[in-house]
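Descriptive structure summary
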Amino acid sequence: MRVLQVQAEIFPLLKTGGLADVAAALPPALRAQGADVRVLLPGFDAVLQGLSDAAEVARLHPPGGLHAAGGTRLLLGRLSACGDLPAYVIDAPAYYHREGGPYADLHQQPYGDNHLRFALLGWTAAQLAQALDPLWRPDVVHAHDWHAALAPAYLRQAQLNRQQHLAGSVYTIHNLAYQGLFNPRHFRELGLPADHWGVNGLEFHGQLNFMKGGLIFADRITTVSPSYAREIQSPDQGCGLDGLLRQRTAHLSGILNGVDAEVWDPRHDRLIPHAFGVDTLADKARNKAALQQELKLKGAAQAPLFCVVSRLTEQKGLHLLVQAAQGLIDAGAQIALLGSGDAWMEGAFRAMAAAQPDAVAVRIGYDESFAHRLIAGSDLIVVPSRYEPCGLTQLYGLKYGTLPLVRRVGGLADTVADTQLDTLDSTATGFVFDAFEADALYRAAQRALAVYRRPQEWQRVQQRAMQQPCDWSGPARQYLQLYERVSG
Ligand code: ADP
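1. Some words on the side chain of Asn175
For Asn175, the location among the structural elements is in the loop between strand E7 (168-173) and strand E8 (181-182). Of the residues examined, Asn175 reaches a relative accessible area of 7% and is grouped as buried. Polar side-chain contacts of Asn175 include one of 3.3 Å to the side chain of Gln315. Those residues in contact with Asn175, other than ones at most four positions away along the chain, are Asp145, Met211, Tyr228, Arg311, Gln315, Tyr387 and Pro389.

In structure tokens, the structure reads:
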């Protein structure tokens, strides 16, 4: 089974969110089960720099509108930072060599030609399915998020033109809220047939919608948890696409993300001061002491420490924590946050830390190794999202015995089992609340504190959490089953 994974990011070379983690962890898990996996990425500087043994596979001649000044080449090499993963990289400096981030400039303004930059990604995937590389043609093209969503559309067009099945296609939604919306006049530049426009094509309320390319034309659609797969079929969480998703319900499923044990495992984590495991939780306490010292959090080792590692956007619901924080601090808790995003939320957390530096520590920014120290050293990790396709930090929390305090939504609902009197000795792995309200978060936190004051019970829940299977072998098996169904 030859599988081409198509996406815009890959950890550790380029990451803006969980998509990059999945892009890096799924291929080796699939390879471990016998699949022959390659990735296709845009040639951002970080990706080209990470590509070893690069050789030109072909010069690309995309349809008129997609043509990049100075030309476009397809390279094949290996990503040594990703376990020598074979990677096709689109070398089009006019599109991908930019000062800012992958999607937006230094002022956070999306690039004006994003529709072309990412249409080229989808178009190239479809070319590979048409034997652009005579030595390797995928049986399945697996496209991720809006950036790669035109791959199934171009593939369908090629199959209709040639009257033959070229490859199966799977499209994965990592976040339905980011759809890739553009001015409709750009549709003509994509080189797709006119009948790909309209409600049964890429039109969405008069705009051009890339994600619809994946939702309409892929053989199968997946998203990253079973609960999110259900939720996005309702108007409440469907972001305007719930009708289409209901139409495709027979071909839509949820497959949970796993945790990359190469990166996140407290027994072997070189980014934390003291490795620990389920039987050596005393060493977790040493990480906590080091963290409290690093952050200048005062007070006893027993002070329950809540952490957050997150983008600070509306989705993540962290304003609920802003509102509930004082009550927790008054109850003796400490809070440590790492994140960046909306200015007002950054300001709210900064102000809290400035007012109570003994109890609250806030670091604004992105810091991979601090994220590890924070999760290893804290007692709880808070993820109160409004919606959450899968969520990774609660999974890291489980693995590190840092009990997740989460809202019952999406992947959070699927991965964390609430601690109640009747679950304490059976299934409990964290603390779960329902209403998207500060008071609900606060009451769940109070329950957490009550259990925390009983160290033996706390430890039992920690140990169960740490033993939850959340590696990539199960998800990889499910993806492989899906690939087998579509590869024809
Ligand atoms: P999303 O993709 O919606 O941002 P996920 O929980 O799926 O949320 O994935 C977020 C990933 O980004 C996790 O690996 C998390 O550890 C990481 N992350 C988020 N914010 C930061 C930060 N400020 N510093 C370091 N890592 C971060």
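2. Things to note about the sheet that holds strand E10 (residues 207-209)
Strand order in this open sheet of three strands is E8-E10-E9, and the pairing throughout is antiparallel. A single partner strand is all that each edge strand has here, and the edge strands are E8 and strand E9 (203-204). Examined bridge by bridge, E9 and E10 share two bridges and lie antiparallel to one another. Residue pairing in the sheet places Phe204 in a bridge with Gln207 of E10.

3. Considering the packing of helix H15 (residues 438-452) against helix H16 (residues 455-466)
The N-to-C vectors of H15 and H16 enclose an angle of 110 degrees; their axes lie 7 Å apart at closest approach. Taken as axis vectors, H15 and H16 run roughly perpendicular relative to one another. Taken together, the residues of H16 that come into contact with H15 (itself represented by Ala448, Val451 and Tyr452) are Pro455, Glu457 and Trp458. Among the residues forming the contact of H15 with H16, the class breakdown is five nonpolar, no polar and one charged.

4. Considerations on the site of the ligand
By nearness alone, 18 residues border the ligand, and Gly18, Asp21, Arg311, Lys316 and Gly365 come closest of all. Between the ligand and Asp21 there is a distance of 2.8 Å, counted from an oxygen atom to a side-chain nitrogen or oxygen. Leu392 is positioned with one of its backbone polar atoms (N or O) 2.9 Å from an oxygen atom of the ligand. Taking 560 Å² as the accessible area of the ligand by itself, protein coverage stands at 91%. Looking at the shell around the ligand, the elements with two or more residues in it are helix H1 (18-32), strand E13 (305-312), strand E14 (334-341) and helix H13 (393-399).

5. Examining the sheet that holds E7
Pairing is mixed in the open sheet, where nine strands are placed in the order E3-E4-E5-E2-E1-E6-E7-E11-E12. This sheet does not close on itself; its edge strands, each paired only once, are strand E3 (51-59) and strand E12 (252-254). Neighbour-to-neighbour, the strand axes of this sheet turn through a mean angle of 25 degrees, independent of strand direction. Where strand E1 (residues 2-6) lies against strand E6 (residues 140-144), four bridges are found, and the strand directions are parallel. Across the sheet, Leu4 pairs through a bridge with Val141, a residue of E6.

6. Here's the deal with the pattern of salt bridges
By the definition in use, this model includes 23 salt bridges. Among the salt bridges present, the one from Arg78 reaches Asp84, with a minimum N-O distance of 2.3 Å. Exposure remark for Arg78: the relative accessible area of 27% places this residue in the partly exposed category. With a relative accessible area of 35%, Asp84 lands in the partly exposed category.

7. What to know about the side chain of His174
Checked against the element boundaries, His174 lands in the loop between E7 and E8. For His174, a relative accessible area of 10% gives the class buried. A polar contact of 2.9 Å, which involves the side chain of His174, links it to the side chain of His144. Setting aside residues up to four positions removed in sequence, His174 forms contacts with Leu19, Val22, His144, Asp145, Val224 and Pro389.

8. Re the domain arrangement of the protein
Its domain assignment divides the protein into domain 1 (2-258 + 472-487) and domain 2 (282-466). Domain 1 and domain 2 are separated by 33 Å when their C-alpha centres are compared. On the side of domain 2, 17 residues touch domain 1, which itself brings 19 residues to the contact. Taken together, the links from domain 1 to domain 2 amount to eight residue pairs in polar contact (both at pLDDT 80 or more). Those elements that provide at least two residues to the side of domain 1 that touches domain 2 are H1 and helix H7 (226-231). The greatest single-element share of the side of domain 1 that touches domain 2, amounting to four residues, is contributed by H7. A class-by-class count of the residues in the side of domain 1 that touches domain 2 yields seven nonpolar, nine polar and three charged.

9. Some remarks on the nonpolar core
The biggest cluster of nonpolar side chains holds 82 residues, and the ones touching the most others in it are Leu40, Ile173 and Leu190. By residue number, the principal contributor to this core is helix H4 (residues 114-129), which donates ten residues. When sequence neighbours within four positions are dropped, the list of residues in contact with Leu190 reads Pro63, Leu66, His115, Ala119, Leu150, Tyr154, Leu202, Leu208 and Phe210.

10. Some remarks on the environment of Asp358
With respect to the helices and strands, Asp358 occurs in the loop between helix H11 (343-355) and strand E15 (360-364). Placed 119 residues apart in sequence, Asp358 and Arg477 show a C-alpha to C-alpha distance of 47 Å. In contact with Asp358, other than residues within four places in its own chain, are Lys296, Leu297, Lys298 and Gln334.

11. What about H15?
For H15, spanning 15 residues, the distance from its first C-alpha to its last is 20 Å, which sits close to the expected 21 Å at 1.5 Å a residue. Looking at H15, one finds that the buried residues are Ala438, Ala440, Leu441, Ala444, Ala445, Ala448, Leu449, Val451 and Tyr452.

12. As for the packing of aromatic side chains
Inspection of the entire model under this criterion finds 16 aromatic pairs. When the centroid spacing of 5.7 Å and the interplanar angle of 50 degrees are considered together, the rings of Tyr103 and Phe118 count as tilted. Taken as a pair, Tyr103 in the loop between helix H3 (93-96) and H4 and Phe118 in helix H4 lie far apart in primary sequence, 15 residues in all. The residues Tyr103 and Phe118 share a single accessibility class, namely buried. Pairwise contacts between aromatic rings join Tyr103, Phe118, Trp146, Phe182 and Phe210 into one cluster. We note Arg98 situated over the ring of Tyr111; from NZ or CZ to the ring centre the distance is 4.9 Å. Above the plane of the ring of Phe370 lies Arg363, whose end atom (NZ or CZ) is 3.9 Å from the centre.

Cut-off values and rules
- Residues numbered from 1 in each chain as written.
- Predicted model: local features only at pLDDT ≥ 70, side-chain atom pairs only at ≥ 80, totals over all residues.
- Heavy atoms only, no water.
- Helix = DSSP H or I, 4+ residues; strand = E, 2+ residues; numbered from the N terminus.
- Buried < 20%, exposed > 50% of the residue type's maximum accessible area, 1.4 Å probe, protein only.
- Polar contact = N/O pair within 3.5 Å; in protein donor to acceptor, adjacent residues only side chain to side chain.
- Contact = heavy atoms within 4.5 Å.
- Pairing = 2+ DSSP bridges.
- Axes fitted to C-alpha atoms, helices over the stretch in contact; angles between N-to-C directions.
- Parallel < 35°, antiparallel > 145°, perpendicular 65-115°, else oblique.
- Nonpolar A, V, L, I, M, F, W, Y, C, P; charged D, E, K, R; others polar.
- Near = heavy atom within 4 Å.
- Areas by Shrake-Rupley, 256 points an atom, 1.4 Å probe, with all protein chains shown as cover.
- Salt bridge = Lys/Arg side-chain N within 4 Å of Asp/Glu carboxyl O.
- Domains from an automatic or database assignment.
- Core = buried A, V, L, I, M, F, W, Y, C linked by side-chain atoms within 4.5 Å.
- Expected span 1.5 Å × (residues − 1).
- Phe/Tyr/Trp six-rings, centres within 6.5 Å; stacked < 30°, edge-to-face > 60°.
- Lys NZ or Arg CZ within 6 Å of the ring centre and 35° of its normal.

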